[in-house]
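# Per-entry structural report
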Amino acid sequence: MQTTTVTMDCLHFIDGQFVPSLNGTTFDNINPATEEKLGIVAEGGAPEVDLAVKAARRALSGPWKTMTANDRITILRRIGDLIIQRNDELARLESLDTGKPSWLSGSIDIPRSAYNFHFFSDYIRTITTEATQMDNVALNYAIRVPVGVVGLINPWNLPLLLLTWKLAPALAAGNTVVIKPAELTPMTATVLAEICRDAGLPNGVLNVVHGFGPDSAGAALVEHPDVNAISFTGETTTGKVIMASAAKTLKRLSYELGGKNPNVIFADSNLDEVIETTMKSSFINQGEVCLCGSRIYVERSAYEDFINKFVAKTKELIVGDPFDPKTKVGSLISQEHYERVTSYISLALEEGGTIESGGKRPEGLNKGYFLEPTIITGLTRDCRVVKEEIFGPVVTVIPFDTEEEVLEQVNDTHYGLSASVWTNDLRRAHRVAAEIEAGIVWVNTWFLRDLRTPFGGMKQSGIGREGGLHSFEFYSELKNICIKL
Ligand code: NAI
Ligand code: MG
């Protein structure tokens, strides 16, 4: 295992300056793959959030407001360019913070973070609004204005990718922001602040306050009366707490929450393709992706063949050092999360399940939160392991007999984020895709994303949609102006 040679301390970024907390409080940042300390992080709370919100509010009426769209586009493009320039450094920090393979950070997380800026800066030019004439009496036209100060609250699994997915459209629409990164992964957000400053973003437009969620920086941001909107990605239970607290100041909310996504495999699909993609949808990023397909349903006639191949391939996956290019599965994010994920493996045994592969710490890895990719069979729809989000490299596989039966099982959940359907029957593909209660349904693929398309969850997996115009809808207000003729 590569030991940690680089340490980095993370300060808040408020009004264009890196600053410690007012009372100097900090917390440790841990490398989950080695359990070593990576550095210290300023621990913010209500006072730091207040300073950041005040800076963001001032910046709303500064040069950020008066600059031309061209200038704004140039700055956003430059942020994307600088992320690309610093790809290797950012990928390294992201993997140190999360334990994910560095090839994954370097080839997906960081390039896509840059692309978020390039994509949304291009999108600015496509935004149009509406005009409505009322006989000869009046002309109405709508203009888009920023919502104001927006709070962005992020999870630890895809730190820079998910942060920039919110930040780029929030800035493109002219808002100012206060970011509360996940406490477990503060490093790339800190570097991003530096990048934004270097790209020429005016002071106060972007602010970062580190800290925890409940009773800390996260809660203070949600409660702050001068924050107009909160965009939150994280757990469904946290979403409920935030909604209750945001009600006091009636904030606009965008939610991307948890999931327990089905992967439905019909016997007529191409099994080799299914296996190849299912390896990713099950275990990429240690299964710590909201879109991972953790409930696998296989038509009975293909079940045995599927299990044999899936188990064999899974046993080949190399788990270990995030900085070894051969590693496919890195470490889970934290001790606490490791305990939570492994508790579901014990529960699966209590519920009558069979562990077909994995289920334990890989041999020889005594430090770090490593877990073998785990396949569980023999459970039924009422088991907690089948119903609850685990957010780790753990999947259940259940056979089914008919389309009706599988649809009923698939939809028997409070979640509704995404789903995959595998079949070569065109009509069935359309039928099943239409019936699944999820915001995103992939047919014969997974995680194929066009950033113009609506992204988000149904039921308790989210509120609202992100992507293309949908992001601009959230990050701007439509104001109607009526002129009497
Ligand atoms: P979490 O909900 O524990 O924390 C997310 C963020 O919210 C952190 O920055 C945390 O400090 C903050 N927070 C926690 N309590 C808060 C409070 N009371 N007020 C304000 N802020 C608070 O989620 P976690 O464990 O970081 O991330 C994993 C979860 O995120 C999973 O449930 C996963 O499904 C979900 N997720 C959803 C995605 C989607 O697009 N739907 C994408 C990625 C993750
Ligand atoms: Mg960390």
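Refer to the structure presented above.
Notes on the structure in this doc start here. (Residues numbered from 1 in each chain as written. Chains lettered and ligands numbered in written order. Predicted model: local features only at pLDDT ≥ 70, side-chain atom pairs only at ≥ 80, totals over all residues. Heavy atoms only, no water.)

This next bit is on the site of ligand 1. Residues in close proximity to ligand 1 total 31 residues, the closest being N154, E183, T238, L257 and E389. E389 is positioned such that a nitrogen or oxygen atom in its side chain is 2.5 Å from an oxygen atom of ligand 1. Taken by itself ligand 1 offers 860 Å² of open surface, and the protein chains cover 92% of this. Counting atoms within 2 Å of the grid points, the majority share of ligand 1 lands in the largest pocket. (Near = heavy atom within 4 Å. Polar contact = N/O pair within 3.5 Å; in protein donor to acceptor, adjacent residues only side chain to side chain. Areas by Shrake-Rupley, 256 points an atom, 1.4 Å probe, with all protein chains shown as cover. 1 Å grid on protein atoms, 1.4 Å probe; cavity = no way out; pocket = protein on both sides within 12 Å on 5 of 7 lines; lining within 4 Å. Sits in = over half its atoms within 2 Å of the grid points.)

Let us look at the environment of S357. Tracing the sequence through the fold places S357 in strand 14 (residues 354-357). In this structure S357 comes out as buried when scored by relative accessible area, which is 5%. In this structure S357 touches V311, T314, K315, P373, T374 and I375, once residues within four positions along its chain are discounted. (Helix = DSSP H or I, 4+ residues; strand = E, 2+ residues; numbered from the N terminus. Buried < 20%, exposed > 50% of the residue type's maximum accessible area, 1.4 Å probe, protein only. Contact = heavy atoms within 4.5 Å.)

Moving on, we come to the packing of helix 3 (residues 69-85) against helix 5 (residues 102-123). At their nearest, the axes of helix 3 and helix 5 sit 8 Å apart, and the two run at 165° to each other. The pairing of helix 3 with helix 5 is recorded here as roughly antiparallel in orientation. Where helix 3 crosses over helix 5, the handedness of that crossing is left-handed. Between helix 3 and helix 5, the contacting residues are I73, L76, R77, I79, G80, D81, I83 and I84 on the first element and I110, S113, A114, F117, H118, S121 and D122 on the second. Considered class by class, the residues forming the contact of helix 3 with helix 5 number eight nonpolar, four polar and three charged. (Axes fitted to C-alpha atoms, helices over the stretch in contact; angles between N-to-C directions. Parallel < 35°, antiparallel > 145°, perpendicular 65-115°, else oblique. Left-handed = near helix turned anticlockwise from the far one by under 90°. Nonpolar A, V, L, I, M, F, W, Y, C, P; charged D, E, K, R; others polar.)

The next thing to look at is the state of the cysteines. All chains considered together, the criterion is met by zero disulfides. Free cysteine C10: the closest other cysteine sulfur is in C196, separated by 15 Å. (Disulfide = S-S within 2.5 Å.)

Turning next to the layout of surface pockets. Quantified by volume, the largest pocket comes out at close to 1200 Å³. In this structure, the largest pocket is lined by 46 residues; those nearest its centre are W156, E183, L184, E235 and T238. Taken together, the elements giving at least two residues each to the lining of the largest pocket come down to strand 3 (26-30), helix 8 (217-223), strand 10 (229-233), helix 9 (236-246) and helix 12 (335-350). By residue number, the principal contributor to the lining of the largest pocket is helix 9, which donates five residues. Taken together, the residues of the lining of the largest pocket sort by class into 21 nonpolar, 14 polar and eleven charged. Computed from the structure, the second largest pocket encloses a volume of approximately 590 Å³. Around the second largest pocket, the lining comprises 25 residues; the ones closest to its centre are W103, E276, M279, K280 and I284. Where the lining of the second largest pocket is concerned, the elements lending two or more residues are helix 5, helix 10 (271-283) and helix 11 (300-316). Considering only residue class, the lining of the second largest pocket consists of 14 nonpolar, three polar and eight charged. (Points joined across faces, edges and corners; volume = space filled by probe spheres on them.)

At 2.1 to 2.6 Å from the magnesium ion (ligand 2) lie its protein donor atoms, namely N29 (OD1), D97 (OD) and L184 (O). Coordination of the magnesium ion (ligand 2) draws on donor residues from a single chain, spaced N-x67-D-x86-L in sequence. Here the residue N29 occupies a position in strand 3, and L184 occupies one in the loop between strand 8 (176-180) and helix 7 (187-198), the gap between them amounting to 155 residues. On the accessibility criterion, N29 (1% relative accessible area) is buried. The exposure class assigned to L184 is partly exposed, which follows from its relative accessible area of 32%. (Donors = N, O, S within 2.8 Å, 3.2 Å for Na, K, Ca; no water.)

With that settled, the discussion passes to the packing of helix 3 against helix 7. Closest axis-to-axis distance for the helix 3/helix 7 pair is 9 Å, and the angle between their directions is 130°. In terms of orientation, helix 3 lies oblique with respect to helix 7. Between helix 3 and helix 7 lies a crossing whose hand is right-handed. Here helix 3 contributes I79, L82 and I83 to the contact with helix 7, which in turn contributes L192, I195, C196 and D198. Considered class by class, the residues forming the contact of helix 3 with helix 7 number six nonpolar, no polar and one charged.

A few words on the packing of aromatic side chains. Tallied over the entire structure, the rule returns 18 aromatic pairs. Seen in terms of ring centroids, F13 and F18 are 4.7 Å apart; in terms of plane orientation they differ by 55°. Their pairing is tilted. The exposure class assigned to F13 is buried, which follows from its relative accessible area of 4%. Measuring from centroid to centroid gives 4.9 Å for F474 and Y475, while their planes differ by 85°, and the two rings are edge-to-face. Each member of the pair, F474 as well as Y475, carries the same accessibility label: buried. Members of the aromatic cluster, joined through ring pairs, are Y115, F119, F120, Y123, W165, F455 and F472. Its guanidinium or amino end placed over the ring of F474, R252 lies 6.0 Å from that ring's centre, counting from NZ or CZ. Looking at R428, its charged tip hangs above the ring of F266, at a distance of 4.0 Å from the centre. (Phe/Tyr/Trp six-rings, centres within 6.5 Å; stacked < 30°, edge-to-face > 60°. Lys NZ or Arg CZ within 6 Å of the ring centre and 35° of its normal.)

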